[in-house]
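Given next are the chains, with one letter for each unit.
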Amino acid sequence: MAQVELIMPKMGESIMEATILNWVKQEGERIEVDETLLEIATDKVDSEVPSPVAGVVAKILFSVNDTVEIGKVIAIIETEGTSANAQASPSLAEPAAAVPAPATAAGPQLTAAPTPTPTPTPTPQPATAASANASDRFYSPLVRNIAKEEGISVSELEHIPGSGKDNRVTKQDMLSYLEHRSSAPTPAPQQIATAPTMPKGPAIDQPITDARANSNGESNVEIIEMDRMRRLIADHMVSSKHTSPHVTSFVEADVTNLVQWRERNKTAFENKFGEKITYTPIFIEAIVRAIHDFPLINVSVDGNTIVRKKNINIGMATALPSGNLIVPVIKDADHLSLIGLTKAVNNLANRARDNKLKPEDVQGGTFTVTNVGTFGNVMGTPIINQPQAAIMAVGAIRKKPAVVETEFGDLIAVRHMMFLSMSYDHRVVDGFLGGSFLRKVADYLEAFDAKRAL
């Protein structure tokens, strides 16, 4: 019998670690080639890791909720072969050599950490655990998010005992600590007055009262803990508002020609190409054309420099059955025809809903579009998807009376109208550029050829 070491696969260029969500197979169980061994999560997507070989799971080296750097051995599989080597999963194959984790906000990895008794009321500190990197103790993204949300400082986090592997702090450790922490006595007024000056908002190291006991005396409430994806979305949205000064512009567009063309051709389109055509690929086509006219919309900010992206990669916000949101990306959208855009939109949307997106599917976007009309909304003020500089929302298409210019004069007619709105980073996109770009998208939609051939 030979032993094959299964390593944590690399899930994307910027992803250096993943959290184990579930072991589908347990020690002693038989597994076949390409059969799922475990499920993992990154800050982008959840993924299944298949086995590269057939055999028996001999050893599982990490537990559920452990966060593991890429390249580390996570399991050992016994096979019928005679040689042993380290392998990644076949669909996510990477070199077997371990890749050291970078010095990020998570802090470098240590083999163990002390576990002193938790201090209910620690001395206030000006830095929180989520933003500090001075600590040598390893914390998973979930633990860091909880610490950031609850205002737990670095020094306080260091004193929380961990029950995980190598004394790592787990989610349950955090929840248990917070329950004890919330019952600590409130500091006396003179203690607060002498504490260091803190930013406006909840004091970082002050005890946090349990929401269930602080709902204006109400007891008939339900406390719902955010899932991992909702926490990531929340952090991303707050970060975007802190990073970019948002400005939103609006235009109204007459899309009657577009609607009539789709109604006449949607059945023939599906019969010919095997794809249902929605409005989304048509909107993306107009956005791509407008980006060619105004390329400084397709940028990001790096310090005091503007990075203009030559590739046009359009992200499309997609609602998941769970209610969460994910933004898969159509790469080089300007190289695709309307048929190609339709196939890309449908493929990404279906895989997003089936939880089958890969990390590279949600990376590299340069501009994002979100369809708030799907929910019957006529307009919205979307939050920029960092590090992009702009995001467009398309509203519901509704029949409305409108003034139509004809050779016989102005007439009132029933038209299909919709609102387009765009939020943009006012550091690099001013009102002229943002407004002109948005108007150009509307012009392209209004000029859609009602006689366009399939």
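Here the structure is shown first, and the text comes after it.
Okay, so let's go over this structure. Computed from a predicted structure; not experimentally measured.

Section: the pattern of salt bridges
Oppositely charged side chains can pair when the atoms bearing their charge come close. This model, assessed by the stated rule, comprises 13 salt bridges. The partner of R415 in a salt bridge is D254, and the shortest N-O contact between them spans 2.8 Å. Of this pair, R415 sits in strand β20 (residues 409-425) while D254 sits in strand β10 (residues 246-254), and the two are 161 residues apart along the sequence. Take D254: its relative accessible area is 18%, and that puts it in the buried class. E263 is paired through a salt bridge with R262; the nearest N and O atoms lie 3.4 Å apart.

With respect to the nonpolar core
Ranked by internal contacts, the top residues of the largest apolar core, which has 58 residues, are I314, F367 and F437. If one sorts the elements of this core by residue count, helix α7 (residues 280-293) sits on top with 8 residues. Setting aside residues no more than four positions away along its own chain, I314 makes contact with I284, I287, V288, I291, P328, V329, I330, A333, F367 and V369. Among the nonpolar cores identified, the runner-up in size contains 20 residues, and M8, I20, I74 and A75 belong to it.

Overview of the environment of S51
The topology assignment puts S51 in the loop between β5 (46-50) and β6 (55-60). Taking the relative accessible area as the measure of exposure, S51 reaches 0% and is therefore buried. Spatially, the C-alpha atom of S51 lies 7.3 Å from that of I31, the residues being 20 residues apart in sequence. A polar contact of 2.5 Å, which involves the side chain of S51, links it to the backbone oxygen of V53.

Section: the packing of α7 against helix α8 (residues 338-353)
With their axes 9 Å apart at the nearest point, α7 and α8 run at an angle of 125 degrees to one another. Viewed along their axes, α7 and α8 adopt a mutual orientation that is oblique. Classified by chirality, the crossing of α8 by α7 is right-handed. Counting all contacts with α7, which are made through T280, P281, I282, I284 and E285, the residues of α8 involved are L338, L341, T342 and V345.

Analysis parameters
- Residues numbered from 1 in each chain as written.
- Predicted model: local features only at pLDDT ≥ 70, side-chain atom pairs only at ≥ 80, totals over all residues.
- Heavy atoms only, no water.
- Salt bridge = Lys/Arg side-chain N within 4 Å of Asp/Glu carboxyl O.
- Helix = DSSP H or I, 4+ residues; strand = E, 2+ residues; numbered from the N terminus.
- Buried < 20%, exposed > 50% of the residue type's maximum accessible area, 1.4 Å probe, protein only.
- Core = buried A, V, L, I, M, F, W, Y, C linked by side-chain atoms within 4.5 Å.
- Contact = heavy atoms within 4.5 Å.
- Polar contact = N/O pair within 3.5 Å; in protein donor to acceptor, adjacent residues only side chain to side chain.
- Axes fitted to C-alpha atoms, helices over the stretch in contact; angles between N-to-C directions.
- Parallel < 35°, antiparallel > 145°, perpendicular 65-115°, else oblique.
- Left-handed = near helix turned anticlockwise from the far one by under 90°.

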